[in-house]
Amino acid sequence: MIEKYSCYEFEIFSGYVGDEWLYYYEIYGSVCTPYDDGIIESNDYFETEQEARFAAIGHINLLENGEG
């Protein structure tokens, strides 16, 4: 399910990585600079969906501050 935070949309995915069920995110910045035409993928995996969601929101905050 695609969620929205600020002008960015993001989605949480899950699947097996090795033998562990883990979560990761993708951020879609179709109307946001500087990533107005790309997908930003998580560089990390998370043990819970909530951890992945918080990480995505934190990443979006960094992007908006020009740090991501």
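Computed from a prediction, not measured in an experiment: that's the story for all the values here.

## Quick word on helix 1 (residues 49-64)
- Along its 16 residues, helix 1 runs 23 Å from first to last C-alpha, staying within 8% of the 22 Å computed at 1.5 Å per residue.
- Every buried residue of helix 1 is listed here: Ala-52, Arg-53, Ala-56, His-59, Ile-60 and Leu-63. Buried residues along helix 1 cover an arc of 125 degrees about the axis, so they all sit on one side.
- Where helix 1 is buried, its residues contact strand 1 (2-5), strand 2 (8-17), strand 3 (20-28) and strand 4 (39-41).
- Taken from the residues just after helix 1, Gly-66 is the one with a positive phi, measuring 75 degrees.

## Overview of the nonpolar core
- Counting twelve residues, the largest nonpolar core is built from Tyr-8, Phe-10, Ile-12, Tyr-23, Tyr-25, Ile-27, Ile-40, Phe-46, Ala-52, Ala-56, Ile-60 and Leu-63.
- Those elements that place two or more of their residues in this core are strand 2, strand 3 and helix 1.
- If one sorts the elements of this core by residue count, helix 1 sits on top with four residues.
- Setting aside residues up to four positions removed in sequence, Ala-52 forms contacts with Ile-12, Tyr-23, Tyr-24, Tyr-25 and Phe-46.

## As for the sheet that holds strand 1
- Spatially, four strands are ordered 1-2-3-4 in an open sheet, and the strand pairing comes out antiparallel. The two strands at the open ends of the sheet, each matched to only one other strand, are strand 1 and strand 4. Across this sheet, the average inter-strand angle for adjacent strands is 30 degrees, counted without regard to direction.
- In terms of strand pairing, strand 1 meets strand 2 through four bridges, oriented antiparallel. Bridging from a neighbouring strand, Ile-2 pairs with Glu-11 of strand 2.
- Sheet strands touched by helix 1: strand 1, strand 2, strand 3 and strand 4. Its angle to strand 3, the strand with the most contacts, is close to 30 degrees.

Conventions adopted
Numbers given to residues run from 1 along each chain, matching the order in which its sequence is written. Totals for whole chains, interfaces and linings use all residues, but because this is a predicted model, local features are given only for residues with pLDDT of at least 70 and pairs of side-chain atoms are given and counted only at 80 or more. Think of the side-chain values as coming from all heavy atoms in the structure, minus any hydrogens and water. In this text, helices come from DSSP runs of H or I with a minimum length of four residues, and strands from runs of E with a minimum of two, each type numbered from the N-terminal end. For a helix, the expected span equals 1.5 Å multiplied by the residue count minus one. Think of it in three bands: with a 1.4 Å probe and only protein chains considered, a residue is buried below 20% of the maximum accessible area for its type, exposed above 50%, and partly exposed in between. Think of it as the arc spanned by the lines of direction from the helix axis to the C-beta atoms. Any two residues having at least one pair of non-hydrogen atoms within 4.5 Å are treated as being in contact. The nonpolar core is taken to be a set of buried Ala, Val, Leu, Ile, Met, Phe, Trp, Tyr and Cys residues, with the residues joined through side-chain atoms within 4.5 Å. By definition, two strands form a pair when at least two bridges between them are found by DSSP. Think of each axis as a best-fit line through the C-alpha atoms, taken over the contacting stretch in the case of a helix, with angles from 0 to 180 degrees between the N-to-C directions.

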